[in-house]
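Remarks on the overall topology
Given next are the chains, with one letter for each unit.
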Amino acid sequence: MNERVAVVGYKQTKHTFDSPVARERMIYELVKSLFKDLGITRDDIDTFIFASNDFTDGRTISEVYTVPRIGSFMKDETKVEADGLSAALYAYMRILSGLYETALVIGFSMAGSEFRVPLTQAYSLDPVYERPRGIINYYSTSALQASAYMKKYKFTEEDLARLTVKNLQNANNNPYAARKEPTASVEDVLNSKPLYLPIRQAHVSAYADGACAVILSSKKAAKKFTDKPVWIDGVGHFMDTYYIGDRDLLAMEHLSAAAKKAYKMAGIKNPKKEIDLAELHTNFASEEPVFAEAMGLFKPGSGKDVVKNGESGIDGAMPVNPSGGPIGANPINATGLIRLAEASEQLRKEAGKNKVKGAKTAVVHAQDGPGAQLNTVFVVRR
Amino acid sequence: MPGHIVRATVPITFAYKNRVGHALEQYINGLKEKKILGVKCPACKKVYVPPRTVCSKCHKPIDQMVEVGQEGVLKNFTTAHVNIVNGEITGVQQPYIIGLIKLPGASSLISGIIKTPSVHDVKTGMKVKAVWKETTQGDYNDLAYFEPA
Ligand SMILES: [Zn+2]
């Protein structure tokens, strides 16, 4: 049995809305370049875990085409049909088991250019009730959640626009982000196309082509890769029901439970004080206050003040998505894993313009399903 | 050749004939008779609409069908300016309301379209009632929409 698992390497692509190369080459180049950075080869990896999805790949058992690219030919390999942070959770457990010392996790998609994102989302909806009825989808579910939050806590459209601009500015300073709107103003967001109000086009994350690879290792093997391991000290993973009408879209008890479990494992009693930054997988800007509050990072209903006082900004008391988050790039399947890479970069003091000063502990979040039906939470430390 | 991306277009069209299962079958049959049915969990007494066969919380089978009321309270809504059909997001001529409604006797909320003369007339907390198709035929569209009660 291994007792502690660390992130020992990570790399993401420069995400785009139309990749100049095919996915196979994209992930090959990413993995080779990560191996080169660390001075390793595929022989140094014990198990490989893909985060991908047959619908986003447009083929079944889709890893048969990608195995040669990441170096897992004739090696222990598997795939998770969920976000990359779920794959990282598998990798973490495999290493804890003691059967493996090292793992490569990779998530990717061509969500910017090769398929219609809402179509792949539709195939994850309940096929015998929601799909034939056609009114509940990822967008309308998140709109209902946003609407509930905004009404209950007097969070205005302008507050939401400010939050969006905060993330767009962070994304603008993130070299990997696809969406670059340096001049976007609160007015621009308020005037963007209405979809399912209160959700407008500007609030929607940037579905992009891209990939992220992360290497995890046992404590014993970590030295071979880096002298700056980032420890995974807590994990939580909970799913809610798929019936929207059964769920408390505001309280998000499943996310709250996942966060509490991760905090408990990591010995965190007061997340507001003990956590230095959060990287959240938000598909819509409106999800940020809902998720952050469910995770105990802010007081419930404080979103308005948080925005006003800049508390979630890079220099704030609790920076949320200093990377810009998925507003800057949402290559489905990689998005939550990118949060882990971004947080690791911050803790290793390797972040560029978006550096959060003195960050030692971070919380990382990923979601799947409409309105974040499934949530994964990691606590990571340097 | 740099700058030139060759693409293979690969359409995927498949239709399934999924069985809706015992619970939804009864729900749909109920719609034909202009009734809204739910199921009551024998353990936690929650009434789920639409019905299902297992209570997630109690992990117990549920088979006690109960009829719920048709005039309820609008708990939450969004104003849709688009439709998503076959993965395409397209604008609609007339914005419409998608709401979550609490019906009397139900523990869960039911989603539906709310029709009012203007979308601006819609408020959370308002009373709404089910409107049926004149001739029902045993499908989800029998319960056409909800309107102010
Ligand atoms: Zn029950």
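Our subject in this report is the structure included herewith.

About the criteria used
Think of each chain on its own: its residues are numbered from 1, step by step along the sequence as written. Labels follow written order: the first chain is A, the first ligand is 1, and so on. Note on the predicted model: pLDDT of at least 70 is required for a residue's local features to be given, and 80 or more for side-chain atom pairs to be given and counted; whole-chain, interface and lining totals, by contrast, use all residues. Computation of side-chain values: all heavy atoms of the structure, hydrogens and water removed. Keep in mind that water is not among the atoms, so a site may look incomplete; donors are the N, O and S atoms within 2.8 Å of the metal, or 3.2 Å for Na, K and Ca. Each label reflects the angles at the metal, where four donors whose angles all fall between 85 and 135 degrees are tetrahedral, four or six donors whose opposite pairs open beyond 155 degrees and whose other angles stay between 65 and 115 are square planar or octahedral respectively, and the rest are irregular. Secondary structure elements follow DSSP: runs of H or I of four or more residues count as helices, runs of E of two or more count as strands, with numbering from the N terminus. By this rule, a helix spans an expected 1.5 Å times one less than how many residues it contains. The classification of residues rests on relative accessible area computed with a 1.4 Å probe and restricted to protein chains. Under 20% of the type maximum is buried, over 50% is exposed, and intermediate values are partly exposed. Polar contacts here mean pairs of N or O atoms no more than 3.5 Å apart (in protein, one a potential hydrogen donor and the other a potential acceptor; neighbouring residues in sequence count only if both atoms are side-chain atoms). Only the stretch in contact is used when a helix axis is fitted, and all axes are lines through C-alpha atoms; the angle between N-to-C directions ranges over 0 to 180 degrees. Comment on the angle field: the value is read as roughly parallel under 35 degrees, roughly antiparallel over 145, roughly perpendicular from 65 to 115, and oblique elsewhere. Any pair of residues with heavy atoms lying within 4.5 Å of one another is described as a contacting pair. Gly is put with the polar residues, along with every residue not named as nonpolar or charged; the nonpolar set is Ala, Val, Leu, Ile, Met, Phe, Trp, Tyr, Cys and Pro, and the charged set is Asp, Glu, Lys and Arg. The term buried area means the drop in 1.4 Å probe accessible area that two parts suffer when joined, counted for both and summed. Put simply, a salt bridge is a Lys or Arg side-chain nitrogen that is within 4 Å of an Asp or Glu carboxyl oxygen. Each pair of strands is called paired provided DSSP finds at least two bridges between the two strands.

Structural notes on the coordination of the zinc ion
All names here are of chain B. Within the first shell, the zinc ion binds the protein through Cys41 (SG), Cys44 (SG), Cys55 (SG) and Cys58 (SG), at distances of 2.3 to 2.4 Å. Bound by 4 donor atoms, the zinc ion shows angles of 105 to 114° at the metal and therefore tetrahedral coordination geometry. One chain supplies every donor to the zinc ion, and in sequence these donors are spaced C-x2-C-x10-C-x2-C. On the criterion of sequence distance, the pair formed by Cys41 in the loop between strand 1 (36-40) and strand 2 (47-48) and Cys58 in the loop between strand 3 (54-55) and strand 4 (60-61) is long-range, its members being 17 residues apart.

A closer look at helix 7 (residues 138-153) of chain A
Residue and element names in this part refer to chain A. Its 16 residues give helix 7 an end-to-end C-alpha distance of 23 Å, which sits within 8% of 22 Å, the value for a rise of 1.5 Å per residue. With 13 of its 16 residues buried, helix 7 lies for the most part within the structure. Sitting at the amino-terminal end of helix 7 is Asn137, which places a side-chain oxygen 2.9 Å from the backbone nitrogen of Tyr139. Looking one or two residues beyond helix 7, the residue adopting positive phi is Lys154, at roughly 50°.

A few points about the packing of helix 7 of chain A against helix 13 (residues 287-294) of chain A
Residue and element names in this part refer to chain A. As a packed pair, helix 7 and helix 13 sit with axes 9 Å apart at the nearest point and diverge in direction by 75°. In terms of orientation, helix 7 and helix 13 fall into the roughly perpendicular class. The residues of helix 13 that touch helix 7, namely those facing Ser142, Gln145, Tyr149 and Tyr153, are Glu287, Pro289, Val290, Phe291 and Glu293. By residue class, the composition of the contact of helix 7 with helix 13 is 5 nonpolar, 2 polar and 2 charged.

A few points about the interface of chain A and chain B
By a frequent convention, interface size equals the accessible area lost on bringing the separate parts together. At the interface, 36 residues of chain A touch 37 residues of chain B. Taken together, the two surfaces of chain A and chain B that pack against each other cover about 3,100 Å², and 60% of this comes from carbon and sulfur. Linking chain A with chain B are 3 salt bridges. A salt bridge links Arg7 of chain B to Asp18 of chain A, with the shortest nitrogen-to-oxygen separation between them at 2.7 Å.

Describing the sheet that holds strand 5 (residues 64-68) of chain B
Residue and element names in this part refer to chain B. One open sheet accounts for 3 strands, arranged 2-1-5; its pairing is antiparallel. Every other strand in the sheet has two partners, leaving strand 2 and strand 5 as the edge strands with one partner each. In the sheet, strand 1 pairs with strand 2 via 2 bridges, with the strands oriented antiparallel. Paired with Val39 across the bridge in strand 2 is Tyr48. Running at roughly 150° to strand 1, helix 1 (residues 21-32) makes contact with strand 1 and strand 5 of the sheet.

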